Amino acid sequence: MRLEAADKDYAIVGAIPVDAAGITYIYGRQSCDTRSTEGGDIDAGNAQFAGQEAMIIFEDVFIPNEHVFLDGEVEFASTLVERFTCYHRRSYVCKTGVGDVLIGAAATIADYNGVERASHIRDKLVEMTHLNETIYGTGIAASHQGIKMKSGAFLPDEMLANVCKHHVTRLPYEIGRLAQDLAGGLMVTLPSERELRHEKIGPMIEKYLKGRAEIATEDRIRILRLVENMTLGRNAVGYLTESMHGAGSPQAQRIQIARSMQIELKKELAKALAGISSTTRAEIENDLSTYMARVFAPVTN
Ligand SMILES: Cc1cc2nc3c(=O)[nH]c(=O)nc-3n(C[C@H](O)[C@H](O)[C@H](O)COP(=O)(O)OP(=O)(O)OC[C@H]3O[C@@H](n4cnc5c(N)ncnc54)[C@H](O)[C@@H]3O)c2cc1C
């Protein structure tokens, strides 16, 4: 929604310390979060890292004037949001680092299962890599085509930043699907670490969940738990749902892509080549250079 004059009470931007008076944080729950409190380090999937979210309530929080950046000036609200989202949507290229780990986990379980050389397994690893690098490419390109602002700061290319984030709303889900395909159903049917450590049950698990002879059963379990953690557990919060909604839900990017897609100019180019329009080559070149000048010119205000 664009803010209108009647919404000016909501056009507020300011900076505050995280522990300012009047702020309440209500800690959020995450999928499988209590596994981190059970002891052991296998069932959490990733015993070292996890995210956290909170519901944050502001009640009569004082912001000193020098930390107020917008106070009811609705005419600047949409520009501020669009510029902010250029940075935020481009920054979602970070999900490709997580993707690299998930591709590595999928390749490892295929190796531990003794099937890594099968052609469909290789092809799925290639597909996962292709999807991941597609996100990476648009993120890097958004910065490479960034423009220098009057302040000296660089603003990423708006179209490419939105395309980067839009890929992020979709491609990690497909990468996660392929990782689950390679992992097998065991990733969600495995017994717990407590059973693995059990005097009587543990040796049975060791024996019957053995993959390749030279790979420890515990290592096979650990890598399966990591795939579970990243696609269904605590780290799926960041890798999947945050990829979907963080920096705006998919439709928010489609709106920005629609605004910047220059469809009339593209129609003009097609019609000229098809011999439909009477637009001259010189006119088209002029339109194109005006467009390029607008896209690549430094922002002046
Ligand atoms: C894990 C996680 C971490 C996050 N971290 C941060 C953070 O650090 N800082 C921060 O500021 N935010 C953060 N966010 C919030 C994020 O910016 C919002 O989730 C996002 O903007 C979507 O808003 P929403 O969740 O309220 O969904 P909604 O806006 O309710 O969207 C749900 C659906 O409704 C549709 N919809 C919404 N409005 C309309 C409309 N007017 N007309 C038609 N359809 C509509 C959407 O397209 C979408 O399909 C985080 C979110 C997640 C999931």
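The name recorded for the chain in an unreviewed UniProt entry is Aromatic ring hydroxylase, from Bradyrhizobium yuanmingense.

With that settled, the discussion passes to empty space enclosed by the protein. Summed over all chains, the structure comprises 2 cavities of 30 Å³ or more. What the largest cavity holds in volume is close to 60 Å³. Every residue along the wall of the largest cavity is listed here: Cys32, Arg35, Ser36, Asp43, Ala44, Gly45, Arg225, Glu228, Asn229, Gly233 and Arg234. When residues of the lining of the largest cavity are assigned to their parent elements, the largest contribution, 3 residues, is made by helix H9 (residues 217–231). Partitioned by chemical class, the residues of the lining of the largest cavity number 2 nonpolar, 4 polar and 5 charged. Empty space within the second largest cavity amounts to approximately 40 Å³. Around the second largest cavity sit Ile42, Asp43, Pro191, Ser192, Glu193, Leu196, Ile205 and Ile221, which together line it. Considering only residue class, the lining of the second largest cavity consists of 5 nonpolar, 1 polar and 2 charged.

It is worth spelling out the site of the ligand at this point. In the vicinity of the ligand, the residues found are Glu53, Val237, Glu242, His245, Ala247, Gly248, Ser249 and Gln251. Within the complex, the protein chains bury 33% of what would otherwise be the 970 Å² of accessible surface of the ligand. Top element by residues in the shell around the ligand is helix H10 (residues 234–245). It accounts for 3 residues. Partitioning the shell around the ligand into residue classes produces 2 nonpolar, 4 polar and 2 charged.

A positive phi angle is found at Asp60, which is not glycine, with a value near 50°. Turning to its location among the elements, Asp60 is positioned in the loop between strand E3 (54–58) and strand E4 (68–71). One non-glycine residue with positive phi stands out, namely Gln262, at about 55°. Position of Gln262 relative to the elements: it lies in the loop between helix H11 (250–260) and helix H12 (263–274).

Conventions adopted
Numbering of residues begins from 1 in every chain and follows the order in which that chain's sequence is written. Local features in this predicted model are restricted to residues whose pLDDT is 70 or higher, and side-chain atom pairs enter the listing and the counts only when it is 80 or higher, whereas totals over whole chains, interfaces and linings include all residues. Just so you know, side-chain values use all the structure's heavy atoms and leave hydrogens and water out. Space inside and on the surface of the protein is sampled on a 1 Å grid over the protein atoms alone, with a cavity defined as a set of points where a 1.4 Å probe fits but cannot get out and a pocket as an open set with protein on both sides within 12 Å along at least 5 of 7 lines; lining residues have an atom within 4 Å of a point. Grid points are joined across faces, edges and corners, and a volume is the space filled by probe spheres set on the points. The secondary structure listing takes helices from DSSP runs of H or I that are at least 4 residues long and strands from runs of E that are at least 2 residues long, numbered from the N terminus. Side-chain classes follow a simple rule in which Ala, Val, Leu, Ile, Met, Phe, Trp, Tyr, Cys and Pro form the nonpolar group, Asp, Glu, Lys and Arg form the charged group, and the remainder, Gly included, forms the polar group. Whether a residue is near a molecule or strand is decided by its heavy atoms; if any one of them lies within 4 Å of it, the residue is near. Here the Shrake-Rupley method, with its probe set to 1.4 Å, supplies the accessible areas, and only the displayed protein chains count as covering residues.

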